[in-house]
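# Understanding the architecture of this molecule
Here are the chains, one letter per residue:
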Amino acid sequence: MTIHNLDIDNSVLNHFISEIRDVKIQQDSMRFRRNIERIGEILSYELSKSLSYENKEVITPLGSKNISVLADNLVLCSVLRAGLPLHQGILNYFDHVENAFISAFRKHSSPEKFEIKVEYLASPSLDGKTLILADPMLATGSSLVAVFEALKSLGKLKQIHLVSVIAAKEGIEFVQNHFPQDTHLWVATVDEKLNSKGYIVPGLGDAGDLAFGNKL
Ligand code: URA
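An account of the accompanying structure is given in this report. Residue numbers restart at each chain and count upward from 1, following the sequence in its written direction. Note on the predicted model: pLDDT of at least 70 is required for a residue's local features to be given, and 80 or more for side-chain atom pairs to be given and counted; whole-chain, interface and lining totals, by contrast, use all residues. Only hydrogens and water are removed before side-chain values are computed, so all heavy atoms of the structure are retained for them.

Here a cavity denotes grid points, spaced 1 Å and computed from the protein atoms alone, that fit a 1.4 Å probe unable to get out, and a pocket denotes an open set having protein on both sides within 12 Å along at least 5 of 7 lines; residues with an atom within 4 Å of a point are the lining. Grid points are joined across faces, edges and corners, and a volume is the space filled by probe spheres set on the points. Taken as a whole, the largest pocket encloses approximately 660 Å³ of empty space. As for the largest pocket, its lining consists of 29 residues, and the residues nearest its centre are Ala-82, Ala-104, Arg-106, Tyr-199 and Asp-206. Helix and strand assignments come from DSSP, with helices taken as H or I runs of at least 4 residues and strands as E runs of at least 2, each series counted from the N terminus. Secondary-structure elements contributing two or more residues to the lining of the largest pocket are β4 (74–80), β6 (105–110), β10 (137–138), α4 (142–151) and α6 (207–212). Think of it as three bins: nonpolar holds Ala, Val, Leu, Ile, Met, Phe, Trp, Tyr, Cys and Pro, charged holds Asp, Glu, Lys and Arg, and polar takes everything else, Gly as well. A class-by-class count of the residues in the lining of the largest pocket yields 14 nonpolar, 9 polar and 6 charged.

Rendered as structure tokens:
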């Protein structure tokens, strides 16, 4: 797996990351969603540099120009519900993609033990397609792996790009062991550890709750 951690260079991306982590700024859920969306846009731009391109002649009012344009058939799949603002950010740049949605939630048998349940999947065929799989928080990695298992039956993928906002080192290692070797992981920033409940530390808390409100 090739890991692209974008926070290693100073850029406005780090400003957006600081805002989504900040407990005071987190009170403003619209800003939280919009910042996740903006991070999705930046990750998309970087990811776009590793896609396939083909030459296209474009006719302008004054002449013509050969331009290399995206050649991949892309499917953008996001993990509900926290993935929705990230999905929108990626879609802002890759507006011609097909879309897929999948649910993955932690079913707890105790506060510290959980298994991932996938219950909803709406997707086009994935045969020959390039998959962008978006999940804002790569914590244990078990959601992404469960989702990937569910998507496998939908066709033979050409390439996979995982997109996350914050990834824990442990989660990165787990997905590295379960996704094909030529998978790319695009992440805005990497955190050191998980707590006993599988939350990223320092992380930002629960991305779904911060974007859409608390759940039962
Ligand atoms: N999901 C979240 O929203 N936050 C975490 O820290 C881990 C998983």
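Once that is clear, we can look at unusual backbone geometry. Of note, the amide linkage connecting Leu-80 to Arg-81 takes the cis form, showing an omega dihedral of -5°. Summarising the element assignment, Arg-81 is placed in the loop between β4 and α3 (84–93).

In the neighbourhood of the ligand, the contacting residues comprise Arg-106, Met-137, Ala-139, Gly-198, Tyr-199, Ile-200, Gly-205, Asp-206 and Ala-207. By the criterion applied in these results, polar contacts are pairs of N or O atoms within 3.5 Å in which, for protein atoms, one can donate a hydrogen and the other can accept it, and in which residues neighboring in sequence qualify only through two side-chain atoms. Here an oxygen atom of the ligand sits 2.8 Å away from a polar atom, N or O, in the main chain of Ile-200. Ala-207 places a polar main-chain atom, nitrogen or oxygen, 2.7 Å from an oxygen atom of the ligand. Here the ligand loses 88% of its free accessible area of 240 Å² to cover by the protein chains. In this structure the site holding the ligand corresponds to the largest pocket. For the shell around the ligand, the residue count by class is 5 nonpolar, 2 polar and 2 charged. For this description, a residue counts as near a given molecule or strand if any of its non-hydrogen atoms is within 4 Å of it. Method for areas: the Shrake-Rupley scheme with a 1.4 Å probe, in which residue coverage is limited to the protein chains shown. Criterion for pocket placement: a molecule counts as inside a cavity or pocket if more than half of its atoms are within 2 Å of its grid points.

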